[in-house]
Amino acid sequence: MIALQSYVGGQWVAGTGTPVPLHDPATEAVLGEVRPAGVDFGAALRHAREVGGPALRALTFPQRAEKLKLLSALLHEHRDALIEIAGRNGGNTRGDAKFDLDGASGTLAFYAGLGKALPDGNLLPDGDGVQLGRTPRFWGQHVYTPRPGVALHINAFNFPAWGMGEKIACALLAGVPVIEKAGTPSAMLAHRIAQLVVDSGILPEGAFQFVAGSASGLLDLLGPMDAVAFTGSSRTGALIRGNPNLVARNVRVNIEADSINPAVLGPDVESGGDTFEQFLANVAVDMTQKAGQKCTAVRRILVPQAMVGEVQEALVERLRAVKVGNPLDDSVRMGPVASRDQLRDVRAGIDQLAAVADVVLGGKQPIAEKGYFVAATLLRARDAEAAVLHELEVFGPCATIVPYDGSAARAVGLCNRGGGGLVASVYSDDRAFVEAVVQGIAPWHGRVWLGSEKTHGQALGPGAVLPASIHGGPGRAGGGEELGGLRGLHPYLQRTAVQGDRAVVAKAFGLDGSTA
Ligand code: NAP
């Protein structure tokens, strides 16, 4: 049994307060504990601001990129041991754990590659310069510089590795020290990664601190140069956004919250074709990978009325073939949900959906004597308008077929009922349909993923978040944005318009010194 500690102020610190047990969700065995209190957040912030930040900014973008490359290699080197922890404390199958860990190391490597090509130093020109005066003598140039603050990263339980990896990649490359707060139920993996990072000595002291337990009180100490990047539920996101200190001091806050992601099957798609197969495969993966605990997983499956029968039958067949059990067994394809609380919430959510939809597979009944297991659960809506279908995120292996009339307008209307989403996927080979749907749903979604015959087998499905594309979404998805190449650094950089003599401005701060 391990008691997780926090790494703050250059040392590991034991928590205090009532212990929260950490479980193996497959067996319910207690593996460790986290104590919520005991961290001196004021000292942690000082350490980051006075030691970590200056040390990071003494390096150039390419030098910090080199650190990310080493961190990526570090995760890769310890991959097998980390996979095992994700299996025990996270309920992850080997495939689930690889998705999380390779997502982390891949994102770190991606930003290492981007950073290598950035200018030496700590200044990034933003676009071309522009004439601001009567003659070109008076010139303006936007530039980005690292903010001398701290990045507080509050992560959700479902991606302990990737969630931390993608956030630290952007902040550290930008030159801002991080404090990582792990989601408690699966914190053992994040904790082990933190130990590896600290022991490796790759990062300068103070650049990386780790909190196991509660971050309560920390938000109240943040200032105008700091940034909060939160990933979790809409409910907690709203609490953080409304924190009076963050509001009063205009602390930057990025919220990545939940989303009732739709997948739309176009009316032109015929069963048996590549587009149909891609649609089925992606929906089935999203429902069962990580036991459906992905913020990007499909929750609403929009199917033209005439195809509902065959889609239902084909999905049921695929989902039935997924072996559920202890994820440490290599033949198992879906493990349990992460905690007893998750199990309770998922069952209650299925109940709420079942009030407006028929359960065609699975349901909330227990499927094992021990462990937090939920069957893959497919429902079919009786009333496509029912609010709960579009508003309730059941964070488990659960999705609902929502019949529609096959028109682009109706598909758009139903997708947007989600109130703002992380990702919508559209499967069709009819360009007019695709264009109409994309135009209609783009303002309400951070990402739109198009499936077609031409793309079958070409890429990961819509559930995968890739560092080159933005991740986030409007409205209930949190209104935030992460990743997207260099855009991912922006929360940690200040953009400033420098105005003056063109000879100085363009040469010192412009993209091309020769324009002076
Ligand atoms: P959660 O309960 O909202 O918790 C998220 C994080 O916030 C955890 O680290 C939690 O710590 C912390 N927290 C809770 N209350 C807080 C408070 N008052 N002040 C500061 N921090 C607080 O979410 P979860 O159950 O971990 O994660 C599942 C949810 O996250 C799902 O709704 C999913 O859709 C969403 N999610 C979104 C994304 C995305 O990128 N958009 C990605 C993954 C997950 P404790 O664990 O210690 O309570």
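Residues numbered from 1 in each chain as written. Predicted model: local features only at pLDDT ≥ 70, side-chain atom pairs only at ≥ 80, totals over all residues. Heavy atoms only, no water.

### A short note on the overall build of the protein
And step 1. In terms of regular secondary structure, the protein is built from 15 helices and 22 strands.
And step 2. Here the C-alpha radius of gyration of the protein, 24 Å, is about what a compact globule of 516 residues would show, namely 24 Å.
And step 3. Based on the C-alpha atoms only, the size of the protein along its principal axes is roughly 70 × 60 × 40 Å.
And step 4. Long-range pairs, those at least 24 residues apart, make up 75% of the contacts in the protein between residues at least 6 apart in sequence. (Helix = DSSP H or I, 4+ residues; strand = E, 2+ residues; numbered from the N terminus. Rg over C-alpha atoms; globule rule 2.2 N^0.38 Å. Contact = heavy atoms within 4.5 Å.)

### Comments concerning the site of the ligand
And step 1. Neighbouring residues of the ligand: 24 residues in total, closest Thr-184, Ser-233, Thr-236, Glu-393 and His-471.
And step 2. Take Ala-257: an N or O atom from its main chain is 2.7 Å from a nitrogen atom of the ligand.
And step 3. At 2.6 Å from an oxygen atom of the ligand is found a side-chain nitrogen or oxygen belonging to His-471.
And step 4. For the ligand, the protein covers 81% of the area, taking 910 Å² as the surface of the free molecule.
And step 5. When residues of the shell around the ligand are traced back to their parent elements, those giving at least two are strand S11 (227-231) and helix H7 (234-241).
And step 6. Looking at the shell around the ligand residue by residue, the class counts come to 11 nonpolar, nine polar and four charged.
And step 7. Looking at which domains feed residues into the shell around the ligand, each of domain 1 (41-257 + 480-509) and domain 2 (261-466) supplies at least three. (Near = heavy atom within 4 Å. Polar contact = N/O pair within 3.5 Å; in protein donor to acceptor, adjacent residues only side chain to side chain. Areas by Shrake-Rupley, 256 points an atom, 1.4 Å probe, with all protein chains shown as cover. Nonpolar A, V, L, I, M, F, W, Y, C, P; charged D, E, K, R; others polar. Domains from an automatic or database assignment.)

### Focus: the sheet that holds strand S7 (residues 138-146)
And step 1. Read from one edge of the open sheet, three strands run S6-S7-S22, paired in antiparallel fashion. If you trace the sheet from one side to the other, it starts and ends with strand S6 (124-131) and strand S22 (493-501), each paired once. Ignoring strand direction, the axes of neighbouring strands in this sheet form an average angle of 20°.
And step 2. Inspection of the sheet shows S7 paired to S22 by nine bridges, in the antiparallel sense. The residue of S22 that forms the bridge with Pro-146 is Leu-493. (Pairing = 2+ DSSP bridges. Axes fitted to C-alpha atoms, helices over the stretch in contact; angles between N-to-C directions.)

### Examining the environment of Gln-195
And step 1. For Gln-195, the position within the fold is in helix H6 (residues 187-200).
And step 2. Taking relative accessible area as the criterion, Gln-195 reaches 23% and is therefore assigned partly exposed.
And step 3. Expressed as a C-alpha distance, the spacing of Gln-195 and Arg-88, which sit 107 residues apart in the sequence, is 18 Å. (Buried < 20%, exposed > 50% of the residue type's maximum accessible area, 1.4 Å probe, protein only.)

### Quick look at the pairing of strand S20 (residues 470-473)
And step 1. Where S20 and strand S21 (residues 480-483) come together, four bridges link them in antiparallel fashion. Paired with Gly-472 across the bridge in S21 is Glu-481.

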